[in-house]
Amino acid sequence: MADTPQPEADENWWRGAVIYQVYPRSFADSNGDGTGDLAGVRSRLPYLAELGVNALWFCPWYPSPMADGGYDVADYRDVEPVFGTLAEAEKLISEALALGIRTIIDIVPNHISAAHPWFREALAAGPGSPARERFWFRPGRGEHGELPPNNWPSQFGGPAWTRTTDQDGTPGDWFLNLFDSEQPDLNWNHPDVRAEHEDILRFWFDRGAGGVRIDSAAMVSKDPGLPDLTDEPGVPHPYVDRDELHDIYRGWRSIADSYPGARILVGEVWLPDAERFARYLRPDEMHTAFNFDFLACPWEPARLRTSIDTTLAAHAPVSAPATWVLCNHDVTRTVTRYGRADTGFDFATKAFGIPTDLELGTRRARAAALLTLALPGSVYLYQGEELGLPEVEDIPLDKLQDPMYLRSADTNPGRDGCRVPLPWGGSASPFGFSPAGTTAEPWLPQPADWASRTADAQAADPDSMLSLYRAAMRLRRAEAGLGDGSFAWLDSAPGVLAFRRSPEFVCVLNLADSPAQLPEGTVLLASGPLAEGRLPADTAVWLRG
Ligand code: NOJ
């Protein structure tokens, strides 16, 4: 790969980066088949450069049966044909780099697709074979092995075990799948599993990848005894946050560090305990991890302040920058979540038909954009958030594809509502997502009323969400105090959060029900109209002063 452009040597680029998350299926469709693809992303690189992002994180683009939107990987060293080719991925990485944008690849270590050669080999080789040792195959409990081997639940509902059928047609052993039954969990005690993933990292770093996002990073190691889950205090969890994980990620870090230009590891680590979370960010482990505490935090001043304080306090001892995340491809869109009575996020409370005030949610999401872009550390921006897209809640049930819905007996809408193809322009679906004249419909239907939400319409409107994001990100690049750096709370009225990032830069956010006094200073940017020295409710402002 001698002629592949490699990221520039800027060792700290990730500490204050804005990283844009691309869900390839829904970003832009270049060939008119109704599904997004890599050529579509390449054609929109100028849009991403204009937005001013430092890196792109791509949800999995590998060959996959798409039982879980690509998180069921059949081959980690190639590209799903519907998305393009490996050569195109290489081109995309180079073209983005030429615009100063790094590429972060999604690595899925906990499980593979049931269509992956390893799993096919394991099924064919039968019980007790070495090929099955790369997974967690076990006989069932009960007189005829008819009960799962333990009580672990799948994250998508139901038991975390699927029973196999032996060659002779009789029911056989069970295999572990913490997610869908098409996603068998790997056994990380097996040397092949570790060696394979280390090689995959090198494969993508050799192709210029600027980092890897580690899927379900805290669930990868299992207690080999596979004990039942219990409420007993003091018993280590059999598959969450196990101590052995740290050694795996130290190995990954040393591979990343052997490449020039700070190739980063960013972990998907959902853990309620901020100190346990920060252990993954020690200097020889991951660079950063997603801040789900902040993502799930309700729109309440005391809760937000506590989340920010807890985050900063947990990161300081390990010298890692915080990340600020409002949304991703798994959670409810921000304008929808903030427009509801319960403004926090919890997978357990996802439901159909929750009343939503989108105008209120949008006002808050605009203020939240200024808050997150002003906090110290890096920011993750999920595609379509810059357009203020709402969760799409009226997708016909027979079009829903997410296993979280499919396994819920129609009770959980799942995650398709935040994965609807982006509207780029025009007045009717596919809103520029697919080329003009395309007959294939977008893989998930777009709402008919998205004309005013397209990127083109918003680019022409100075008051749009897109214009707000563009302006905020321009200022973020220009202001020395933003991104990584110092942070101090300022005294403020009840319901108001105010902080200083540099001698000149202040951010104020009013979460009270009524307007607040605007502090002295020149307004650089506001998330909504200001009234004569007052900061209206659910509004944020950046000030020089
Ligand atoms: C987390 C990913 O973000 C999600 O989309 C996926 O379903 C699970 N991990 C399983 O890979």
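Residues numbered from 1 in each chain as written. Predicted model: local features only at pLDDT ≥ 70, side-chain atom pairs only at ≥ 80, totals over all residues. Heavy atoms only, no water.

Enquirer: Requested: an account of helix α5 (residues 191-206), with residues and values cited.
Expert: Taking 1.5 Å as the rise per residue, α5 with 16 residues should run 22 Å; its terminal C-alpha atoms sit 23 Å apart, in good agreement. G208, located one to two residues past α5, shows a positive phi value of around 95 degrees. (Helix = DSSP H or I, 4+ residues; strand = E, 2+ residues; numbered from the N terminus. Expected span 1.5 Å × (residues − 1).)

Enquirer: Hey, could you go over the nonpolar core for me, with residue numbers and the actual values?
Expert: One broad rule of soluble globular proteins: the nonpolar side chains tend to lie buried together. By size, the foremost hydrophobic cluster in this structure holds 149 residues, and its most contacted members are Y20, W61, W204, Y249 and W542. W136, W174, L226 and M404 belong to the second-largest nonpolar core, a separate cluster that totals 13 residues. (Core = buried A, V, L, I, M, F, W, Y, C linked by side-chain atoms within 4.5 Å. Buried < 20%, exposed > 50% of the residue type's maximum accessible area, 1.4 Å probe, protein only.)

Enquirer: Run through the environment of T332, naming residues and quoting values.
Expert: With respect to the secondary-structure elements, T332 resides in the loop between β10 (323-325) and α10 (334-337). Overall, the relative accessible area of 6% leaves T332 in the buried class. Measuring from C-alpha to C-alpha, the distance between T332 and A457 comes to 24 Å, with 125 residues separating the pair along the chain. Other than its neighbours up to four places away in sequence, T332 contacts C327, R337, R340, F345, K350 and E391. (Contact = heavy atoms within 4.5 Å.)

Enquirer: Which residues make up the pattern of salt bridges, and what are the values?
Expert: This model, assessed by the stated rule, comprises 35 salt bridges. Here K350 ties to E391 by a salt bridge, and the two come within 3.8 Å at their closest N and O atoms. In this pair, K350 sits in the loop between α10 and α11 (358-374) while E391 sits in the loop between β11 (378-382) and α12 (403-406), placing the two residues 41 residues apart along the sequence. Here R364 makes a salt bridge to D538, at a shortest N to O gap of 3.3 Å. Of the two residues, R364 is situated in helix α11 and D538 in the loop between β17 (534-535) and β18 (539-544); the sequence distance between them amounts to 174 residues. We note that R364, like D538, is buried. Shared partners join several salt bridges into a network, and the residues in it are D68, D330, D402, R415 and R419. (Salt bridge = Lys/Arg side-chain N within 4 Å of Asp/Glu carboxyl O.)

Enquirer: Requested: an account of the sheet that holds strand β7 (residues 211-214), with residues and values cited.
Expert: Strand order in this open sheet of 8 strands is β9-β8-β7-β3-β2-β1-β11-β10, and the pairing throughout is parallel. The open sheet is flanked by β9 (288-289) and β10, the only strands paired with a single partner. Relative to strand β3 (residues 102-107), strand β2 (residues 55-58) runs parallel, the two sharing 4 bridges. When the sheet's bridge partners are listed, L56 is paired in β3 with T103. (Pairing = 2+ DSSP bridges.)

Enquirer: Summarise empty space enclosed by the protein; cite the residues concerned and give the values.
Expert: According to the stated counting rule, one finds 3 cavities of 30 Å³ or more in the structure shown. What the largest cavity holds in volume is close to 70 Å³. Along the wall of the largest cavity there are 13 residues; nearest its centre are L326, V379, Y380, L381 and Y469. For the lining of the largest cavity, the elements supplying multiple residues, two or more each, are β10, α11 and β11. Sort the elements by how many residues they give to the lining of the largest cavity and β11 lands first, with 4 residues. Looking at the lining of the largest cavity, its residues break down into 11 nonpolar, 1 polar and 1 charged. (1 Å grid on protein atoms, 1.4 Å probe; cavity = no way out; pocket = protein on both sides within 12 Å on 5 of 7 lines; lining within 4 Å. Points joined across faces, edges and corners; volume = space filled by probe spheres on them. Nonpolar A, V, L, I, M, F, W, Y, C, P; charged D, E, K, R; others polar.)

Enquirer: With reference to specific residues and values, describe the environment of Y20.
Expert: Here Y20 lies in strand β1 (residues 18-22). On a C-alpha basis, the gap between Y20 and I104 in space is 9.7 Å, while along the polypeptide they are 84 residues apart. Among the polar contacts made by the side chain of Y20, one reaches the side chain of E386 at a distance of 2.7 Å. (Polar contact = N/O pair within 3.5 Å; in protein donor to acceptor, adjacent residues only side chain to side chain.)

Enquirer: Residues and numbers for the sheet that holds strand β14 (residues 505-510), please.
Expert: Read across the open sheet, the 5 strands follow the order β12-β13-β14-β18-β16; overall the sheet is antiparallel. Here the strands that pair on one side only, and so sit at the sheet edges, are β12 (488-489) and β16 (522-526). Docked against the sheet, α11 engages β13 (496-500), β14, β16 and β18, running at close to 40 degrees with respect to β18. (Axes fitted to C-alpha atoms, helices over the stretch in contact; angles between N-to-C directions.)

Enquirer: Pulling in residues and values, what's your account of the state of the cysteines?
Expert: Here, the word disulfide means a covalent bond between the sulfur atoms of two cysteines. This structure, assessed with the given rule, holds 0 disulfides. No disulfide involves C59; its sulfur sits 9.6 Å from the nearest other cysteine sulfur, which is in C418. Cysteine C507 shares no disulfide, and the gap to the nearest cysteine sulfur, in C297, comes to 15 Å. On the basis of relative accessible area, C507 is assigned to the buried category, the value being 0%. (Disulfide = S-S within 2.5 Å.)

Enquirer: Lay out the layout of surface pockets with the relevant residues and their values.
Expert: Rolled over the atoms, a probe as big as a water molecule pinpoints where empty space is left. Approximately 1100 Å³ is the volume attributed to the largest pocket. Residue lining of the largest pocket: 41 residues in total, with Q155, W270, L271, F292 and F347 positioned closest to the centre. Elements with a contribution of two residues or more to the lining of the largest pocket: α7 (274-279), α8 (292-296) and α9 (301-315).

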